[in-house]
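# Descriptive structure summary
Given next are the chains, with one letter for each unit.
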Amino acid sequence: MIVGVTGSNGKLGRATVARLRDEGHEVIGFDLGGAPGPGFTRVDFTDYGQTLDAFLGVTARHDGLDAIVHLAALPVNGLVPDAATFDNNMAVTFHVLFAAHRAGIRAIVTASSITAMGFPFDVAPEALPVDEAVSRANNTYGLGKVAEEAIAAQLVGWAQGTSITALRFTNVVAEDEYETFARAADPLYRRDLLGSWVDARDGAAAVSLALADAPPGFEVYNVAAETSGCATPSRELAASWFPGTPIAEDLGEFESLMSTRKIRDRLGFVAQYDWR
């Protein structure tokens, strides 16, 4: 396939581009910055005209795309004022999804986030592990992700055969960032993430699986390592962090409290990298 990847110069974007190229796909990276040359075009996704033009074709780059992987965004609150985070990310995602629709691109994988399911979990979840049925935002970044999922769920029905998969990524850890797990025994480490994490290379694998299995319709999957980023067993963490919250009887000893059961069972995703 010829795949366009927005946000191709980010942590997850770089891993995704590398993974897809290794699998034999022709990949065109789109971002505000990146190495000039074949396989990359600079695009400002806040400009719908640039977005649509980039998807329809770019001289010396491509004449049309088979799929879009949308990873471009302001990645967290705090980089700009809160309303600007929401405005930027909503505009960018709508432009990408609608331009793909106009360009006839029917396979789309888009990055959602743990922030669309209750992060930072100051209010205890109703049950653990937390699955894709939960939709709750507590900051403007998360509010944008909830809204983006809702838009995607509507747009997917505007053209026959369209597939949009939203991947709710937890904190993405690059292969050179494992020193963060020196704090794994800290009882509050990663509490706001339910103890979850995912290696960027595994995140890219989830993208690849979503592209390969893209039936018509809209679907949401959590993306995290199957085991937590904490040294304490998950049932102990759950009881400490969220006293009284029901815990699945079959919860594994170190199973992530951000459920990965759906993506495992439906797409066959199993993380290959483990900080342990």
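Heads up: these notes are all about the structure in this document. Everything numeric here is computed off the predicted structure, so don't read it as measured data.

## Regarding unusual backbone geometry
Here the bond from Phe119 into Pro120 is cis, since omega is 5 degrees, no more than 30 degrees from zero. Mapping Pro120 onto the fold places it in the loop between β5 (107-113) and α4 (140-155). Residue Pro129 is reached from Leu128 by a cis peptide bond, and omega for that bond is 0 degrees. Mapped onto the fold, Pro129 is located in the loop between β5 and α4. Backbone geometry places Phe121, a non-glycine residue, at a positive phi of 60 degrees. A positive phi is found at Leu194, a non-glycine position, where the angle reads about 60 degrees. On the secondary structure map, Leu194 appears in the loop between β7 (172-173) and β8 (198-199).

## Thoughts on a nonpolar patch on the surface
Together, Val76, Leu79 and Val80 make up an exposed nonpolar region whose accessible area comes to about 230 Å². Relative to the helices and strands, Val80 is located in the loop between β4 (67-70) and α3 (82-102). Here Val80 falls in the partly exposed class, since its relative accessible area comes to 30%.

## Some remarks on the side chain of Asp31
By the element assignment, Asp31 lies in strand β2 (residues 26-31). Despite being buried, Asp31 has no salt bridge partner; Arg14 is the closest side chain of opposite charge, sitting 7.5 Å away. Looking at Asp31, its side chain comes within polar contact range of the main-chain nitrogen of Ser8, at 3.3 Å. Residue contacts for Asp31: discarding those within four places in its chain leaves Gly7, Ser8, Asn9, Gly10, Phe40, Thr41, Arg42 and Val43.

## A word on the environment of Arg19
Structurally, the position occupied by Arg19 is in helix α1 (residues 11-22). Only 2.8 Å separates the side chain of Arg19 from the side chain of Glu23, close enough to count as a polar contact.

## Side note on the nonpolar core
For soluble globular proteins, nonpolar side chains are generally found buried alongside one another. Ranked by size, the top nonpolar core spans 53 residues in total, and within it Val5, Val69, Leu167, Phe169, Leu211, Val223 and Ile263 carry the most contacts. By residue number, the principal contributor to this core is helix α5 (residues 200-212), which donates 6 residues. In this structure, Phe30, Phe45, Ala54 and Leu97 belong to the second largest nonpolar core, which totals 22 residues.

## Some details on the side chain of Ser112
In this structure, Ser112 sits in strand β5. Classification of Ser112 as buried rests on a relative accessible area of 5%. Side-chain polar atoms of Ser112 contact the side chain of Glu149, separated by 2.6 Å. If near-sequence neighbours (up to four positions away) are discounted, Ser112 is found in contact with Lys145, Glu149, Ala166, Leu167, Arg168 and Phe169.

## Focus: the packing of α3 against α4
Running from N to C, α3 and α4 point in directions that differ by 20 degrees, and their axes come no closer than 9 Å. Taken together, the axis directions place α3 and α4 in an arrangement best described as roughly parallel. Two packed elements cross with a definite hand, and for α3 against α4 that hand is right-handed. Along its contact with α3, which presents Asp82, Thr85, Phe86, Asn89, Met90, Thr93, Phe94, Leu97 and Phe98, the element α4 presents Thr140, Tyr141, Leu143, Gly144, Ala147, Glu148, Ile151, Ala152 and Leu155. Here the residues of the contact of α3 with α4 are counted per class, giving 11 nonpolar, 5 polar and 2 charged.

## Observations regarding α1
In a regular helix each residue adds 1.5 Å, so 12 residues correspond to 16 Å; α1 covers 17 Å between its end C-alpha atoms and thus fits that length. All of the buried residues along α1 are Leu12, Gly13, Ala15, Thr16, Val17 and Leu20. The inward-facing, buried residues of α1 contact β1 (2-6), β2, β4, β6 (163-169) and α5. At the C-terminal side of α1, Gly24 shows a positive phi close to 100 degrees.

## Description of the environment of Ala84
On the secondary structure map, Ala84 appears in helix α3. Exposure remark for Ala84: the relative accessible area of 30% places this residue in the partly exposed category. Sequence-wise, Ala84 and Tyr141 are 57 residues apart; in three dimensions their C-alpha atoms are separated by 9.7 Å.

## Observations regarding the sheet that holds β4
Spatial ordering of the open sheet is given by β3-β2-β1-β4-β5-β6-β9, a layout of 7 strands whose pairing is parallel. Each edge of the sheet is formed by a strand with only one pairing partner; in this case those strands are β3 (40-42) and β9 (217-223). Neighbour-to-neighbour, the strand axes of the sheet open up by a mean angle of 20 degrees, direction not taken into account. When β6 meets β9, the two strands line up parallel, connected through 7 bridges. Note on β9: the bridge partner recorded for Leu167 is Tyr221.

The rules behind the values
- By convention here, each chain's residues receive numbers from 1 onward along its written sequence.
- A pLDDT threshold of at least 70 governs which residues receive local features in this predicted model, and a stricter bar of 80 or more applies before side-chain atom pairs are shown or counted, although totals over entire chains, interfaces and linings include all residues.
- Computation of side-chain values: all heavy atoms of the structure, hydrogens and water removed.
- Only runs of H or I of at least four residues qualify as helices and only runs of E of at least two qualify as strands under DSSP, and these elements are numbered from the N terminus.
- Without a salt bridge and with relative accessible area above 30%, a residue can belong to a patch; like charges are then joined within 9 Å and nonpolar side chains (Val, Leu, Ile, Met, Phe, Trp, Tyr) within 5 Å.
- Areas reported as accessible are Shrake-Rupley estimates using a 1.4 Å probe. Residue values count occlusion only from the protein chains shown.
- One speaks of a salt bridge when a side-chain nitrogen belonging to Lys or Arg is within 4 Å of a carboxyl oxygen belonging to Asp or Glu.
- A 1.4 Å probe rolled over the protein chains alone gives each residue an accessible area, and that area as a share of the maximum for its type sets the label: buried under 20%, exposed over 50%, partly exposed in between.
- This count recognises Lys and Arg as positive and Asp and Glu as negative, with His and chain-terminal groups excluded.
- Between N or O atoms, a polar contact is any pair within 3.5 Å; within protein, one atom must be a potential hydrogen donor and the other a potential acceptor, and residues adjacent in sequence are included only when both atoms are from side chains.
- Contacts between residues were defined by any pair of non-hydrogen atoms, one from each residue, lying within 4.5 Å.
- Working definition of a nonpolar core: buried Ala, Val, Leu, Ile, Met, Phe, Trp, Tyr and Cys residues. They are joined through side-chain atoms within 4.5 Å.
- Note on geometry: axes are lines fitted to C-alpha atoms, helical ones only across the stretch in contact, with angles between N-to-C directions running from 0 to 180 degrees.
- Note that the term roughly parallel is reserved for angles under 35 degrees, roughly antiparallel for angles over 145, roughly perpendicular for angles of 65 to 115, and oblique for everything else.
- Handedness of a crossing follows from how the near helix is turned relative to the far one, being left-handed for an anticlockwise turn of less than a right angle and right-handed for a clockwise one.
- Under the scheme applied here, ten amino acids are nonpolar (Ala, Val, Leu, Ile, Met, Phe, Trp, Tyr, Cys and Pro), four are charged (Asp, Glu, Lys and Arg), and all others, including Gly, are polar.
- In this analysis, the expected span of each helix is defined as 1.5 Å times one less than the number of residues it contains.
- Here, strands pair whenever DSSP counts at least two bridges between them.

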